[in-house]
Amino acid sequence: MTGHPAPGPGRRTPDTAPPRRFSAQTGYAPAGAVDDGDPEVDEALALVNEASGKTGSGPDPIPGGRTPEPAGQAGRAAQPAPSTPGTHGGPARPGHGGPAQPGHKEKHHHPRATPWPEARARAAQAARRAPRRDAGPVPLDEALGRILATPLTALTDLPSFDTSAMDGWAVAGPGPWDVREEAILAGHARPRPLADGEAVRIATGARVPQEATAVLRSEHGITDDKGGLHPQREVVHGQDIRPRGQECRSGDQLLPAGSLVTPAVLGLAAAAGYDELVAVARPRAEVLILGDELLTEGLPQEGLIRDALGPMLPPWLRSLGAEVIAVRRLGDDAQAVLKAVKESPADLVVTTGGTASGPVDHVHPTLKRLGAELLVDGVQVRPGHPMLLARLPGGRHLVGLPGNPLAAVSGLLTLAEPLLRKLSGHPAVEPYHAPTRDEIHGHPYDTRLVPVVLRGDEAVPLHYNGPAMLRGIAASDGLAVVPPGGAKPGQELEILDLPWALSAPLPGGCFT
Ligand SMILES: Nc1nc2c(c(=O)[nH]1)N[C@H]1C(S)=C(S)[C@@H](COP(=O)(O)OP(=O)(O)OC[C@H]3O[C@@H](n4cnc5c(N)ncnc54)[C@H](O)[C@@H]3O)O[C@H]1N2
Ligand code: MOO
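Residues numbered from 1 in each chain as written. Chains lettered and ligands numbered in written order. Predicted model: local features only at pLDDT ≥ 70, side-chain atom pairs only at ≥ 80, totals over all residues. Heavy atoms only, no water.

Colleague: How should the packing of helix α7 (residues 334-343) against helix α8 (residues 363-370) be read in this particular structure?
Modeller: If you want to describe how two helices pack, look at the angle between their axes and the distance between the axes. Contact geometry of α7 with α8 gives a least axis separation of 10 Å together with a crossing angle of 50 degrees. When the interaxial angle is binned, α7 and α8 end up oblique. Crossing hand, α7 versus α8: right-handed. Two secondary-structure elements touch here, α7 through Gln335, Val337, Leu338, Val341 and Lys342 and α8 through Thr366, Arg369 and Leu370. (Axes fitted to C-alpha atoms, helices over the stretch in contact; angles between N-to-C directions. Helix = DSSP H or I, 4+ residues; strand = E, 2+ residues; numbered from the N terminus. Parallel < 35°, antiparallel > 145°, perpendicular 65-115°, else oblique. Left-handed = near helix turned anticlockwise from the far one by under 90°. Contact = heavy atoms within 4.5 Å.)

Colleague: Even after reading the chapter, I still don't get the domain arrangement of the protein chain, so can you show me in this structure?
Modeller: Note: interface size is frequently given as the accessible area lost on complex formation between the parts. In terms of domains, the protein chain is made up of domain 1 (115-132 + 281-423), domain 2 (136-157 + 247-279) and domain 3 (163-242). Each of domain 1 and domain 2 has a C-alpha centre, and these two points are 34 Å apart. (Domains from an automatic or database assignment.)

Colleague: Explain the sheet that holds strand β20 (residues 348-352) to me, please; I cannot follow it from the model alone.
Modeller: To summarise the sheet geometry, strands pair through backbone hydrogen bonds and adopt either a parallel or an antiparallel arrangement. Pairing is mixed across the open sheet formed by six strands, whose spatial order is β19-β16-β20-β24-β23-β21. What marks the edges here is a single partner per strand, and that holds for β19 (323-331) and β21 (373-377). Strand-to-strand twist in this sheet, taken as the mean axis angle between neighbours without regard to direction, amounts to 20 degrees. Sheet analysis places strand β16 (residues 284-290) next to β20, joined by five bridges and oriented parallel. (Pairing = 2+ DSSP bridges.)

Colleague: Teacher, can you tell me more about the environment of Asp347 here?
Modeller: Following the sequence through the fold, Asp347 ends up in the loop between α7 and β20. Asp347 sits in the buried class, given a relative accessible area of 15%. Residues in contact with Asp347, not counting those within four places in the same chain, are Arg133, Pro283, Arg284, Arg396 and His397. A polar atom in the side chain of Asp347 sits 2.8 Å from the side chain of Arg133. (Buried < 20%, exposed > 50% of the residue type's maximum accessible area, 1.4 Å probe, protein only. Polar contact = N/O pair within 3.5 Å; in protein donor to acceptor, adjacent residues only side chain to side chain.)

Colleague: How do you make sense of the packing of aromatic side chains when you look at a structure like this?
Modeller: Both the distance between ring centres and the angle between the ring planes are used here to describe each pair of aromatic rings. For the coordinates displayed, the defined rule picks out zero aromatic pairs. Cation over ring: Arg201 sits above Trp169, and NZ or CZ is 4.9 Å from the ring centre. Across from the ring centre of Tyr464, 3.9 Å away, lies the NZ or CZ of Arg471, which sits over that ring. (Phe/Tyr/Trp six-rings, centres within 6.5 Å; stacked < 30°, edge-to-face > 60°. Lys NZ or Arg CZ within 6 Å of the ring centre and 35° of its normal.)

If you want it as structure tokens, here you go:
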């Protein structure tokens, strides 16, 4: 469909109304404004598209418009990159789909590599065999983003007493009325019953006294100097009284099991008398960062670089439903990696780096030594093809993310996302599609994941999408799934949603 993006639960938008999209650069903007060429969005696009200032309107988001050759064939980047920080070509090289550079160490993809859709399906299936943590009661403030394990059933009538909907007077029978001296405020205990012909001042939310027949709004009545109240318009029986049980009766089912706990659900649960909710447990994740070359602060220097994944992965994993129990930096110490994986209490161990076949790539040897079962060993996707998924003894899982940061994102969304979604009880997100505004070069054999911004109904591919780069994804709204061979302008592509809008205001939060 050329329909509007319908990202995850809580963000669905009917097909008839273009949704407001969150842009990492520009914040929320109505889709229409984006379509009309919102200057802020143009500026954001200019920043992340070609350094020449082109806003991605050309046929090819990749500088030089090269046609990718099969990986492994030597070639030369057709255009010098504005900056060449990546190890794998210029800033807009299409993953490893473009021509390989001389001396590039990548080979044709792994003979065991799994097609991208199948890799995701296997990750979801793996969760079915994983041991589950018991669902249990959690305080309301810890339930946000989880899935209800039992129906939400009203513990009380709502409202729990006849309530005044307005500030004014509770009245009994037809007016005029004699007004009592006291006033009934919200939170007061049961007031004295009214006699016929009596009125009493009442506040919104206060208990309506027995025998009251209506509430007269303060702006619809006038009092005289003898304490008489005169209606200024017709008084209808029961007006502005919210009768007990109007919204629900005690025992009514308010939401079924399987519902996502949103802020609104927390409010409803509290109103209905809950202090705790029985929710599916969050799967526990532990992040193990490998690599001796990583710094945790300051500027890159002397061949050392900043660890980009330590700060990025924990909030992202939380947004996928996990509880992150630890982030550990293990360098390139094979023994430390073995011990950490073996002893981790996590349901999902996420490693970064060390997935390839270099002298200090310890992930495969560790899995072998532990007798782990490799469920996915390489995926036909760019970037990120060395990613892996293994079942550890005891049924825990390990996702090995490649060290290149965008390749790690690819692994996170390909393998960790389906696994965590199943383990945390979240329903699969309906895929949504958008036509690409520009041509996107494909890898000859593999799927590509390309950062895009959504401009109206179209996906605009971003540059700086090389495996070692985060510049494109940091400005993006989603990742377009580009089939082998590429995509023509107007071609519908699946868009993987990114959780920025929901995770940003929830540092410890947990939405998907
Ligand atoms: N002979 C082969 N070599 C490589 C292949 C291959 O198929 N055969 N694949 C290449 C691809 S594609 C990728 S991706 C990487 C995967 O490498 P590893 O998972 O082993 O990761 P490392 O070698 O440890 O690191 C790669 C790259 O990423 C940087 N890095 C690592 N961790 C971080 C971090 N936390 N923050 C920022 N950057 C990080 C690291 O310094 C390297 O530059 O292998 C290719 N090689
Ligand atoms: O293609 Mo790798 O997987 O550099 O990212």
